[in-house]
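So you can see what is in the structure, the chains are spelled out below.
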Amino acid sequence: MQYIAYMKIKNEDILKIVPPRMGLFGLLFSFMNRLQATGDSFYEEITCKQFFLLACMNLYSSEPPTANELAETMGCSRQNVKQILDRIKKKGLLVFKQDENDRRKQRIFKTEKTKILAKKYLQKETEFMNLLYNGISDKEIRGVYKIISKMEKNITEQECEK
């Protein structure tokens, strides 16, 4: 019987094996899986996706968002956002209210419980961000942000053509 020795391929070696585009594509998936797993173990009360939804809500300063607006911001379907919203709502972190100007829309509001949760994890989140971006300059972060934004734009334009 022949035994095959398996070894972990390091990220820095991937680009020696595959073209850069394929390597980055795989790295993005791998990183997102690890980030989600870390995020899911980070909070006791919510998942990483639920945290991301709550964080996206902070982008809406003029008025609370609708599910459609959150779906657009998060880059996922309205149905997916509705499932996440329903789970967060059951935990008492959100409430839905009819829009005053358009009765067809429901606006999503954070509750006092959400503010308490945010305070509880503020220090831990700061420490995690410091760990995540350790040794990475703001210039490097802006460069990566610009590249991923271009990739997202390419995907969005492709979706619009369909």
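Use the structure listed above.
What you see is a predicted model; the values in this text were computed from it and never measured.

Draft legend 1. The environment of Lys10, seen in detail. By secondary structure assignment, the location of Lys10 is in the segment before helix H1 (11-17). Exposure remark for Lys10: the relative accessible area of 47% places this residue in the partly exposed category. The spacing of Lys10 and Phe128 is 118 residues in sequence and 23 Å in space, taken between C-alpha atoms.

Draft legend 2. Summary view of helix H2 (residues 20-42). Here H2 contains 23 residues, and its C-alpha end-to-end distance of 32 Å stays within 8% of the 33 Å for a straight helix at 1.5 Å per residue. Every buried residue of H2 is listed here: Gly23, Gly39 and Phe42.

Draft legend 3. Representation of the packing of aromatic side chains within the structure. Inspection of the entire model under this criterion finds six aromatic pairs. Each ring, one from Phe42 and one from Tyr121, has its centre 6.0 Å from the other, and the planes form 40 degrees; the classification is tilted. In this pair, Phe42 is assigned in helix H2 and Tyr121 in helix H6 (residues 112-132), connecting sequence segments 79 residues apart. Note on accessibility: Phe42 and Tyr121 belong to one class, buried. Ring geometry for Tyr43 and Phe51: centres 5.0 Å apart, planes at 25 degrees, overall stacked. Accessibility expressed as a relative area gives 27% for Phe51, which makes it partly exposed. The ring of Phe109 carries Lys97 above its face, with NZ or CZ at 4.9 Å from the centroid.

Draft legend 4. Summary view of the pattern of salt bridges. Evaluation of the coordinates by the stated rule reveals nine salt bridges. The salt bridge partner of Asp13 is Lys16, with a shortest N-O separation of 3.3 Å. Of this pair, Asp13 and Lys16 both sit in helix H1, three residues apart, roughly one helical turn. Across the pair Glu44 and Lys120 runs a salt bridge whose closest N-O atoms are separated by 3.7 Å. With Glu44 in the loop between H2 and helix H3 (48-57) and Lys120 in helix H6, this residue pair connects regions lying 76 residues apart in the sequence. Note on Lys120: relative accessible area 45%, which makes it partly exposed.

Draft legend 5. Quick peek at the packing of H3 against helix H4 (residues 67-74). Viewed as axis vectors pointing N to C, H3 and H4 meet at an angle of 110 degrees, and their least axial separation amounts to 10 Å. Here H3 is positioned roughly perpendicular relative to H4, judged by the angle of their axes. Along its contact with H3, which presents Lys49, Phe52, Leu53, Cys56 and Met57, the element H4 presents Leu70, Thr73 and Met74. For the contact of H3 with H4, a count of residues per class yields six nonpolar, one polar and one charged.

Draft legend 6. Spatial organisation of the nonpolar core. By size, the foremost hydrophobic cluster in this structure holds 21 residues, and its most contacted members are Leu53, Leu70, Val81, Leu85, Leu94 and Ile108. Counting only elements with at least two residues in this core, the list comes to H3, H4, helix H5 (78-90), strand S1 (94-98) and H6. Look past the residues within four positions of Leu94 in its chain and what remains in contact with it is Leu53, Leu54, Met57, Leu85, Ile88, Lys89, Ile108, Phe109, Lys110, Thr111 and Thr114.

Conventions adopted
- Residues numbered from 1 in each chain as written.
- Predicted model: local features only at pLDDT ≥ 70, side-chain atom pairs only at ≥ 80, totals over all residues.
- Heavy atoms only, no water.
- Helix = DSSP H or I, 4+ residues; strand = E, 2+ residues; numbered from the N terminus.
- Buried < 20%, exposed > 50% of the residue type's maximum accessible area, 1.4 Å probe, protein only.
- Expected span 1.5 Å × (residues − 1).
- Phe/Tyr/Trp six-rings, centres within 6.5 Å; stacked < 30°, edge-to-face > 60°.
- Lys NZ or Arg CZ within 6 Å of the ring centre and 35° of its normal.
- Salt bridge = Lys/Arg side-chain N within 4 Å of Asp/Glu carboxyl O.
- Axes fitted to C-alpha atoms, helices over the stretch in contact; angles between N-to-C directions.
- Parallel < 35°, antiparallel > 145°, perpendicular 65-115°, else oblique.
- Contact = heavy atoms within 4.5 Å.
- Nonpolar A, V, L, I, M, F, W, Y, C, P; charged D, E, K, R; others polar.
- Core = buried A, V, L, I, M, F, W, Y, C linked by side-chain atoms within 4.5 Å.

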